[in-house]
Every structure is written in C-alpha cells, then in structure tokens.
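Now for the letters of each chain:
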Amino acid sequence: MNLEDVQAAFVDSAAVKTRALATLAEPTLRAAQMLAARLRDGRQVLACGNGGSSGDAQHLASELVNRFERERIGLPGIALTPDSSVLTAIANDYAYERVFARQVEALGRPGDVLVAFTTSGNSRNVLEAVRSAQARGLWVLALTGKDGGALAPLLRGGDIELRVPATSTARIQEVHLLLIHTLCTYLDSVFADGSNKPASKVHADVVTLQPLLPGRRPLVFTNGVFDLLHRGHVHYLQAARGEGACLVVGVNSDASVRRLGKGDDRPLNTLEDRMAVLAGLGAVDYVLPFAEDTPLRLIEALQPDVLVKGGDWAPDAIVGADGVRARGGRVLSIPFAHPLSTTALVQRIRNG
Ligand SMILES: O=C(CO)[C@@H](O)[C@H](O)[C@H](O)[C@H](O)COP(=O)(O)O
Ligand SMILES: [Zn+2]
C-alpha cells in the first residue's frame, strides 16, 4: 500500500458518503424522529451486530446512556453485544443464531426499538433478532448495505432500513458511524433542554403516531370537531377511554369543519387550539387531524379495536364501522350524558 492507496481510501469513503446523502438524508430524519418519539414515550433502544457492527451497537448505546455533544438526560440504550457470559451461554445452550434474539425476548418490550447493524443484511443472528423484535412489537431500525440481504424483505411497514449504497463492508460501516452520529445529533436537539417530558399527545400525522401504539391495545378511536369543549364532550371522552387501553381522537381540520356547514364563522377555535385543548384531557392519549370530510383514512391506518362516536349517532351510520367490525372490533355510540351542543352554546352567547 502506498500513499496513493491511502488517498484513494479517503476519496472512496467520501464518495460513498456523498452517494448516501442522496438516498439516506430523508429516511435518516424520519428514523431520528421515530427514535426520539419512542424515547420520549419511555421506550428503550436495543442494538446488535457482529464484528465492527458490534462496536457500532456499543457506540450507539454509549452515546444514548452517556451523552453526545450536548448536555442532556441519559437515554436508555442497551447493546446486546458486550456481555460474554450472556453470549456464550446462549450460543452454547441454544445456538449462535440466538444470541441477540434471546436477549430481545428477555429485555424487549412492545414499543421499544431494535437497531440492527449488518452491512450484508445476512448475519443470521441479526435476522433472528429482527424476527423476535417484530414478534414482540418492537420497532426495527436496520442499518444495512449492499443489497439489504435477507433482512430487507423481513422489514414491515413501520420499520426503517437505512441502506448504504456501497458494496465494501468497511465503506458501509464508515457511513453507519455517520448515521449513528446524525441520529444522536437529533436526539441532542430534542433532549438537550434537560427535559424528559413525555411524548407530545398531538401528532400532525398518523406516521409519527403509529410507532407509539404497539402495546396500547385495545385501541379506541373517536373523532369530532371539538370547537368549544363542553361537559358532554368530557364525559363521552372519558367513557370512550374506558373502553380500551388508549384513546386516539381524530379532529376535523379547519377547512373540513367549514365544509360541515355549521356556519361561516366556524370553527371558532383553530385546529391547533382545538387539538391542544383535547390533549390537556387525561382521558385523551393522542390527538391528530384529518383534512378529509370523514376520518376513514385514519381509521383504516390505525385499525382501532373500538370505534366510538359521541351523541346520537346510530352505530351503523358511523363511518368506518364496517371495517372495524370486519376485523373483530366493536362500534359504539356513547350518548352525551350532559347534552350541550357547541352550536347551541354559541347561539346563547350571541343572544346575550
Ligand atoms: O469490521 C469488520 C469489517 O470492516 C468485520 O469485523 C465485520 O464486521 C464482520 O466480518 C461481520 O461479521 C460482518 O457482518 P455483517 O456486517 O455482514 O452483518
Ligand atoms: Zn471494520
């Protein structure tokens, strides 16, 4: 090896990073957002890989538990690679393929994250870990390379693969380290205010909510305008929450409220304000908007176990009822125990 070879290694590494920029910037941001949302929600990160990738798993865990570039709270990151007693026991008593999967089964809880490092996508113990993680309701973030190997087709809808566009294991690993640091920079920005406040209840889209839902079933969904929150609303939302383990409320966007014909000046409160008020209720776990006339898209994406409407809706008239029932779910109409309508309230205020 001469000086030119050394220079070529630098140039090659830089070229791979430049190529990766084109394909990986957007999914890396999405992965960072998912990771932050889960950590905010009290979930933990497990990480695994072989050889250089085992170092990556430990590198990530150390930066989560300790800190990265800014002062922030410690975050729960566990590398599944460094405990030789655990590794040798599992490899000896079961098989080497099981060394990570067994730990995922022992330590992982629904909603946690598995970060799987494999440049080929073919390490069998990493594949087994991914299968175990999926079976337990963990979200999988896979850092791969080459053609994604056998791991890529294993991944499901919500999972994310960051595949480095290169074939050399070393070059792929060099980008994996960049990805680790980029994820950590994002986590710094989220947690550096010293806060460990829980995940925001308000979501702009179902995509950021989805990762927080594993382990939160039966999932209850309801929807409405909630322009001026009154006692009837609060009572029915509490009753709805009582039907399951998690209540998601879909809220009509301002334009979608205007299309309901409640009056030219409605909604009185903006979508942002209406969602913030709902998020303040203990009964409400998550709030997200829908811009269409009906919340059907949200219902199809969330697949609730219980679909609820407040007031005098006949269950059969509730949008999405057929799909929920077809999946074995329940559809309920919860009458307002305190029948106050926002429209009537507005009228009374206007009339003085
Ligand atoms: O660090 C290196 C090569 O740069 C090696 O230790 C490399 O990580 C090992 O060969 C691994 O077993 C490769 O596994 P994988 O990336 O294909 O999952
Ligand atoms: Zn290496």
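Criteria and thresholds
- Numbering of residues starts from 1 in every chain and runs along the sequence as written.
- Here chains are named by letter from A upward and ligands by number from 1 upward, in the order in which they appear as written.
- Residues qualify for local features only when their pLDDT is at least 70, as the model is predicted, and side-chain atom pairs are given and counted only at 80 or more; totals for whole chains, interfaces and linings, by contrast, use all residues.
- Note: side-chain values were computed over all heavy atoms of the structure, leaving out hydrogens and water.
- UniProt positions are given in the numbering used here, feature names are shortened, and annotations may be inferred rather than shown by experiment.
- Every helix listed is a DSSP run of H or I at least four residues long, and every strand listed is a run of E at least two residues long, numbered separately from the N terminus.
- The rule is simple: take the accessible area with a 1.4 Å probe, protein chains only, and divide by the maximum for that residue type; under 20% is buried, over 50% is exposed, in between is partly exposed.
- Think of a polar contact as two N or O atoms within 3.5 Å of one another; within protein, one of them needs to be a possible hydrogen donor and the other a possible acceptor, and neighboring residues in sequence only count if both atoms come from side chains.
- We call two residues contacting when some pair of their heavy atoms lies within 4.5 Å.
- We define the nonpolar core as a collection of buried residues of types Ala, Val, Leu, Ile, Met, Phe, Trp, Tyr and Cys that are connected through side-chain atoms lying within 4.5 Å of one another.
- Expected span of a helix, by definition, is 1.5 Å for each gap between consecutive residues, and there is one gap fewer than residues.
- Here an angle of 0 to 180 degrees is reported between the N-to-C directions of two axes, which are lines fitted to C-alpha atoms, with helices fitted over the stretch in contact.
- Comment on the angle field: the value is read as roughly parallel under 35 degrees, roughly antiparallel over 145, roughly perpendicular from 65 to 115, and oblique elsewhere.
- The hand of a helix crossing depends on one turn: near helix anticlockwise from the far one by less than a right angle means left-handed, and clockwise means right-handed.
- Each residue gets one of three labels, nonpolar for Ala, Val, Leu, Ile, Met, Phe, Trp, Tyr, Cys and Pro, charged for Asp, Glu, Lys and Arg, and polar for the others, Gly among them.
- Whether a residue is near a molecule or strand depends on its heavy atoms: if one lies within 4 Å, it is near.
- Throughout, the Shrake-Rupley method with a 1.4 Å probe supplies accessible areas, and for residues the shown protein chains are the sole cover considered.
- Residue ranges labeled as domains rest on an automatic or database domain assignment.
- Here the quantity called buried area is the accessible surface, traced with a 1.4 Å probe, that two parts lose on coming together, added over both.
- Just to be clear on terms, a salt bridge is a Lys or Arg side-chain nitrogen sitting within 4 Å of an Asp or Glu carboxyl oxygen.

- Within an unreviewed UniProt entry, the label attached to the chain reads Phosphoheptose isomerase, and the organism entered is Metallibacterium scheffleri.
- The chain has a UniProt comment under Pathway (unreviewed entry) that states "Carbohydrate biosynthesis; D-glycero-D-manno-heptose 7-phosphate biosynthesis; D-glycero-alpha-D-manno-heptose 7-phosphate and D-glycero-beta-D-manno-heptose 7-phosphate from sedoheptulose 7-phosphate: step 1/1."

**Here's the deal with the side chain of D188**
At step 1: Counting through the fold element by element, D188 comes out in helix α6 (residues 169-191).
At step 2: On the basis of relative accessible area, D188 is assigned to the buried category, the value being 2%.
At step 3: Here R72 takes part through its side chain, which lies 3.0 Å from a polar atom of the side chain of D188.
At step 4: Ignoring any residue separated from it by four or fewer positions in sequence, one finds D188 in contact with F68, E69, R70 and R72.

**A closer look at unusual backbone geometry**
At step 1: Geometrically, the link from R217 to P218 is a cis peptide bond, its omega value of 5° lying close to zero.
At step 2: Position of P218 relative to the elements: it lies in the loop between α7 (206-209) and β6 (219-224).
At step 3: The backbone phi angle of K146 is positive, close to 50°, even though this residue is not glycine.
At step 4: Topologically, K146 is positioned in the loop between β4 (139-144) and β5 (160-163).
At step 5: Its identity is not glycine, yet Q303 carries a phi of approximately 50°, on the positive side.
At step 6: Its location among the elements puts Q303 in the loop between α11 (296-302) and β9 (306-310).

**Notes on the nonpolar core**
At step 1: In this structure, L60, V115 and L141 are the most contacted members of the largest nonpolar core, which totals 37 residues.
At step 2: Secondary structure elements with two or more residues in this core: α1 (3-40), β1 (45-48), α2 (52-65), β3 (113-117), β4, β5 and α6.
At step 3: Setting aside anything within four residues of it in sequence, one finds L60 in contact with V45, A47, V115, F117, I180 and C184.

**Observations concerning α2**
At step 1: Here α2 contains 14 residues, and its C-alpha end-to-end distance of 20 Å stays within 8% of the 20 Å for a straight helix at 1.5 Å per residue.
At step 2: Restricting attention to buried positions, one finds in α2 the residues S53, S54, D56, A57, L60, A61, E63 and L64.
At step 3: Here the buried face of α2 lies against α1, β1, β2 (77-79), β3 and α6.

**Remarks on the packing of α2 against α6**
At step 1: Axis separation between α2 and α6 bottoms out at 11 Å; the angle between their running directions is 10°. What the angle tells us is that α2 and α6 run roughly parallel. Our pair here, α2 against α6, has a crossing hand that is right-handed. Here G52, S53, D56, H59, L60, E63 and L64 of α2 lie close against α6, whose contacting residues are Q173, H176, L177, I180, H181, C184 and L187.
At step 2: Classifying every residue of the contact of α2 with α6 by side-chain character gives six nonpolar, six polar and two charged.

**What to know about the site of ligand 1**
At step 1: Around ligand 1, a shell composed of N50, G51, G52, S53, T118, T119, S120, S123, T169 and Q173 is seen.
At step 2: Separating an oxygen atom of ligand 1 from a side-chain N or O atom of T118 is a distance of 2.6 Å.
At step 3: Contact between ligand 1 and T119: an oxygen atom at 2.7 Å from a side-chain N or O atom of the residue.
At step 4: Relative to its free-state accessible area of 450 Å², ligand 1 is covered by the protein chains to the extent of 62%.
At step 5: When contributions to the shell around ligand 1 are tallied by element, the ones reaching two or more residues are α2 and α6.

**A closer look at the domain arrangement of the chain**
At step 1: Each assigned domain of the chain is listed here: domain 1 (3-191) and domain 2 (206-351).
At step 2: For domain 1 and domain 2, the distance between their C-alpha centroids amounts to 37 Å.
At step 3: Taken together, the eight residues of domain 1 in the interface contact eight residues of domain 2.
At step 4: Taken together, the two surfaces of domain 1 and domain 2 that pack against each other cover about 620 Å², and 61% of this comes from carbon and sulfur.
At step 5: The interface formed by domain 1 and domain 2 holds zero salt bridges in total.
At step 6: Applying the counting rule to domain 1 against domain 2 returns one residue pair in polar contact (both at pLDDT 80 or more).

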